[in-house]
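What follows is the residue order along each chain.
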Amino acid sequence: RALTTQEAGEVWLQIERLIAQSDYDSAIAAAGRLLSQYPETMYAGKATASLPGWRNIAAVNKQVGDFISKAKIAQDANDFEAALAAATSALALDPENAAAAVLKAQAEAAKEAELRIRQMAAEKQKQFEALISEALSYRDAKDYERAIDIYTRASVLMPDDQRASDGLASCRYS
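Below is a short write-up of the structure. In this text the structure is predicted, and so the values were computed from the model without any measurement. (Residues numbered from 1 in each chain as written. Predicted model: local features only at pLDDT ≥ 70, side-chain atom pairs only at ≥ 80, totals over all residues. Heavy atoms only, no water.)

Right, let's talk about the overall build of the protein chain for a bit. The helix and strand inventory of the protein chain stands at 7 helices and 0 strands. Along the protein chain, from the amino end to the carboxyl end, the secondary structure elements read α-α-α-α-α-α-α. The C-alpha radius of gyration of the protein chain comes to 33 Å, more than 25% above the 16 Å expected for a compact globule of 174 residues. Along the three orthogonal principal directions, the C-alpha set of the protein chain runs to about 110 × 20 × 15 Å. For the protein chain, with 174 residues in total, the buried portion stands at 30%. For the protein chain, the proportion of contacts with a sequence separation of at least 24, taken over those separated by at least 6, is 51%. (Helix = DSSP H or I, 4+ residues; strand = E, 2+ residues; numbered from the N terminus. Rg over C-alpha atoms; globule rule 2.2 N^0.38 Å. Buried < 20%, exposed > 50% of the residue type's maximum accessible area, 1.4 Å probe, protein only. Contact = heavy atoms within 4.5 Å.)

Laid out in structure tokens, this is it:
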């Protein structure tokens, strides 16, 4: 009997080390072995009382891990909205999770950068449209020299937009 209690105590110490390392899955497995091999010891009673809490923590840790994985996958796919949502969900379950906090901050920064890029592109498009409109006015007034100057500026601003090139060509051949 003393040897059985001592062996159970050693298993319990192993379980405590696993819990200290936040390895709840291994602790749960070790507790299962303790219960099956040493069911009559006080350590079996401790394990029985602790198992529901450990299982809950293990389940939450798995959910947090799943959310972190989803956040990483979304971030790699440049889906920063989904990355932010997944990281936020992980933090709702584990507010102290450093990996989730980093992923959330990265997703927020990427979303902000994306927004700035869209705003800059919209402003560039607006400037281009104003130049095209101004160039058309000069072309219609047959002031081809000024129209060419403005079409050229528009072409530099947005070289892939054919309207500036077409406007230049129409002024040069008028």
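Let us look at the packing of aromatic side chains. Aromatic rings considered in pairs are described by the distance between their centres and by the relative angle of their planes. Throughout the structure, instances matching the rule amount to 2 aromatic pairs. Within the aromatic cluster, the residues linked to one another by ring pairs are Trp-12, Tyr-43 and Trp-54. (Phe/Tyr/Trp six-rings, centres within 6.5 Å; stacked < 30°, edge-to-face > 60°.)

All right, on to the environment of Ser-133 then. Mapped onto the elements, Ser-133 comes out in helix α5 (residues 98-140). Separated by 17 residues in sequence, Ser-133 and Ile-150 place their C-alpha atoms 9.6 Å apart.

Okay, unusual backbone geometry next. Residues other than glycine seldom take positive phi values, yet Asn-78 does so here, at roughly 60 degrees. Position of Asn-78 relative to the elements: it lies in the loop between α3 (42-76) and α4 (80-93). Even without a glycine there, the phi angle at Lys-142 is positive, about 65 degrees. By the element assignment, Lys-142 lies in the loop between α5 and α6 (144-157).

Our focus in this paragraph is the nonpolar core. One recurring pattern in soluble globular proteins: nonpolar side chains tend to sit buried together. Trp-12, Ile-15, Ile-19, Ala-31, Leu-34 and Trp-54 are the most contacted members of the largest nonpolar core, which totals 18 residues. When contributions to this core are tallied by element, the ones reaching two or more residues are α1 (2-20), α2 (24-37) and α3. Within the second largest apolar cluster, 12 residues are counted, among which are Ile-150, Tyr-151, Met-158 and Ala-164. (Core = buried A, V, L, I, M, F, W, Y, C linked by side-chain atoms within 4.5 Å.)

Quick look at α5 now. Spanning 43 residues, α5 covers 63 Å between terminal C-alpha atoms, matching the ideal 63 Å at 1.5 Å per step. Within α5, burial applies to Ala-100, Leu-103, Ala-107, Ala-110, Phe-128, Leu-131, Ile-132 and Ala-135. Those residues of α5 that are buried are in contact with α3, α4, α6 and α7 (162-172). Phi turns positive, to about 65 degrees, at Lys-142, one or two residues after α5. (Expected span 1.5 Å × (residues − 1).)

Attention now goes to the pattern of salt bridges. For the structure shown, the criterion picks out 6 salt bridges. Its salt-bridge partner being Lys-111, residue Glu-81 comes within 2.8 Å of it at the nearest N-O pair. Residue Glu-81 is found in helix α4, and its partner Lys-111 is found in helix α5; the two are separated by 30 residues along the sequence. The exposure class assigned to Glu-81 is partly exposed, which follows from its relative accessible area of 48%. (Salt bridge = Lys/Arg side-chain N within 4 Å of Asp/Glu carboxyl O.)

Locating Asn-97 in the fold gives a position in the loop between α4 and α5. Along the sequence, Asn-97 and Gly-65 sit 32 residues apart, while their C-alpha atoms lie 10.0 Å from each other. With near-sequence residues (within four places) excluded, Asn-97 lies in contact with Val-64, Ile-68 and Leu-91. A polar side-chain atom of Asn-97 sits 2.9 Å from the main-chain amide nitrogen of Ala-100. (Polar contact = N/O pair within 3.5 Å; in protein donor to acceptor, adjacent residues only side chain to side chain.)

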